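Take a look at the letters that make up each chain.
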Amino acid sequence: MKLLVYGAGVLGSLFAARLHEAGHDVALLARGKRLAALRRHGVQLAEADSPAIRRVPVPVVEHPAGGYDLIAVFVRTHQVDAVLESLAGLEGDVLFLHNWAAGPEPLGAVIGHERVLLGFGMAGGTMDGDVVRYRATNFMTRRVAMPIGEPDGRTTPRLARIVRTFRATGINAKTEPKMDAWLKTHAAFEVPLGQAVHTAGGPVALADDPDAVRGMLRLMRQNLAAMPTPPAPRGFAALRTLPEGLLVATLRRFLRSPTAVHSGLSDASPAAAAELARLAEQIRAYTKVR
């Protein structure tokens, strides 16, 4: 399988490095200064705050050249429109692995509905200059698989093949029959979380303000209640049913954990804010449709 990883941020870099190390024919698409850094040093990886940096010589390209069996897209929500334009003239299946609550229709309208697969990259980390500092694995993160699904929920031969390929690489992937609902549920949770963290000045600062966490939780509940389909995974329904005090305490513990601190939640960049704004627009759109 010939693969292109479109987007050389934290998740795209991690994904491409793992595929390359497993012997796959993979290229990583990057632009500007990121492209130059990758050509000089390869993908540079470090676990959390470790001083040890590992370099993986992943082939990099500036433009997609075609001939790919699968293109895995790792970009921010507000960047998707530009990516679609560059993929419209290519062949091959396209797996979108990013925040997205607008459904598969706007993706397929540009590149062809038959090419679209949906998913979400479950790793986390931050950029430290040109170094990707990825979240250390633990018992919980090892159990969380990367969901991938067909827009219509079927388990097709291509979906099964992609999941097998990723698993053989060491990427914990699984088929998800309700991938669109999964992405909408994640956005319903992610937007209030990201906006509250940004306002507070980081996850730990937010954890120190129980009133702000309570307000964030209430916005999550409003979003989940407005969804056109039940939450997926079903466990997210607990955010609507468990006592508020218990959930506030649980969220505050999560915000102080290394998982949250090294997840990218602390990213206060304009790009992160633009992504949250676009996701919020998508949530409002499907709420109106309902």
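Everything below is about the structure shown above.
Summarised in this report is the structure supplied together with it.

Each value, and the rule that gives it
Residues numbered from 1 in each chain as written. Predicted model: local features only at pLDDT ≥ 70, side-chain atom pairs only at ≥ 80, totals over all residues. Heavy atoms only, no water. Phe/Tyr/Trp six-rings, centres within 6.5 Å; stacked < 30°, edge-to-face > 60°. Helix = DSSP H or I, 4+ residues; strand = E, 2+ residues; numbered from the N terminus. Buried < 20%, exposed > 50% of the residue type's maximum accessible area, 1.4 Å probe, protein only. Contact = heavy atoms within 4.5 Å. Polar contact = N/O pair within 3.5 Å; in protein donor to acceptor, adjacent residues only side chain to side chain. Axes fitted to C-alpha atoms, helices over the stretch in contact; angles between N-to-C directions. Parallel < 35°, antiparallel > 145°, perpendicular 65-115°, else oblique. Left-handed = near helix turned anticlockwise from the far one by under 90°. Nonpolar A, V, L, I, M, F, W, Y, C, P; charged D, E, K, R; others polar. Arc of directions from axis to C-beta. Pairing = 2+ DSSP bridges. Core = buried A, V, L, I, M, F, W, Y, C linked by side-chain atoms within 4.5 Å.

## Considerations on the packing of aromatic side chains
Here is step 1: With the rule as written, the count across this model stands at four aromatic pairs.
Here is step 2: Relative to Phe166, the ring of Phe15 lies with its centre 5.0 Å away and its plane at 85 degrees, an arrangement referred to as edge-to-face. Placement of Phe15 in helix α1 (residues 10-21) and of Phe166 in helix α6 (residues 157-169) is noted, with a sequence separation of 151 residues between them. The residues Phe15 and Phe166 share a single accessibility class, namely buried.
Here is step 3: Measuring from ring centre to ring centre gives 5.6 Å for Phe189 and Phe236, while their planes differ by 75 degrees; the resulting arrangement is edge-to-face.

## Considerations on the environment of Tyr6
Here is step 1: Considering the arrangement of structural elements, one finds Tyr6 in strand β1 (residues 2-6).
Here is step 2: Take Tyr6: its relative accessible area is 6%, and that puts it in the buried class.
Here is step 3: Once the C-alpha coordinates of Tyr6 and Ala27 are considered, the two residues, 21 residues apart in sequence, prove to be 8.6 Å apart.
Here is step 4: The residues contacting Tyr6, other than those within four sequence positions of it, are Leu29, Arg31, Pro64, Ile71, Ala72, Val73, Phe74, Val75, Val83, Ser86 and Leu87.
Here is step 5: Within polar-contact distance, the side chain of Tyr6 engages the side chain of Ser86 at 2.9 Å.

## A word on the packing of helix α9 (residues 210-225) against helix α11 (residues 244-256)
Here is step 1: Look at α9 against α11: their axes get within 10 Å of each other, and the N-to-C directions meet at 110 degrees. Here α9 lies roughly perpendicular to α11, going by the angle between them. The handedness of the crossing between α9 and α11 comes out as right-handed. Across from Pro210, Val213, Arg214, Met216, Leu217, Arg218 and Arg221 in α9, the residues of α11 making contact are Glu244, Leu247, Val248, Leu251, Arg252 and Leu255.
Here is step 2: Of the residues assigned to the contact of α9 with α11, the class counts are eight nonpolar, no polar and five charged.

## Here we look at helix α3 (residues 80-87)
Here is step 1: All of the buried residues along α3 are Val80, Val83, Leu84 and Leu87. Along the axis of α3, the buried residues cluster in a sector spanning 105 degrees; they form a single face. The exposed set on the far side of α3, more than 90 degrees from its buried face, consists of Ala82 and Glu85.
Here is step 2: Residues of α3 that are buried make contact with β1, β6 (70-73), β7 (93-97) and α4 (105-111).

## What about the sheet that holds strand β2 (residues 25-29)?
Here is step 1: Across the sheet, eight strands lie side by side as β5-β2-β1-β6-β7-β8-β11-β12; this open sheet has mixed pairing. Bordering the open sheet on either side are β5 (60-61) and β12 (173-175), each of which pairs with just one other strand.
Here is step 2: Note: strand β11 (residues 146-149) against β12, three bridges, orientation parallel. Note that in β12 the partner of Met146 across the bridge is Ala173.
Here is step 3: Packing of α1 onto the sheet brings it into contact with β1, β2, β6 and β11, and relative to β2 it is tilted by some 160 degrees.

## Some details on the nonpolar core
Here is step 1: Among the nonpolar cores identified, the biggest contains 35 residues, and Phe15, Leu28, Ile148 and Phe166 are the most heavily contacted of them.
Here is step 2: Ranked by residues supplied to this core, first place goes to α1 with six residues.
Here is step 3: Of all hydrophobic cores here, the second largest spans 27 residues; its members include Val191, Leu239, Leu251 and Ala260.

## Comments concerning unusual backbone geometry
Here is step 1: Note the cis peptide between Ala232 and Pro233, where omega equals -5 degrees.
Here is step 2: Within the element layout of this structure, Pro233 appears in the loop between α9 and α10 (238-241).
Here is step 3: Positive phi is not limited to glycine here, since Ala48 has a value of about 50 degrees.
Here is step 4: One can find Ala48 in the loop between β3 (43-47) and β4 (54-56).

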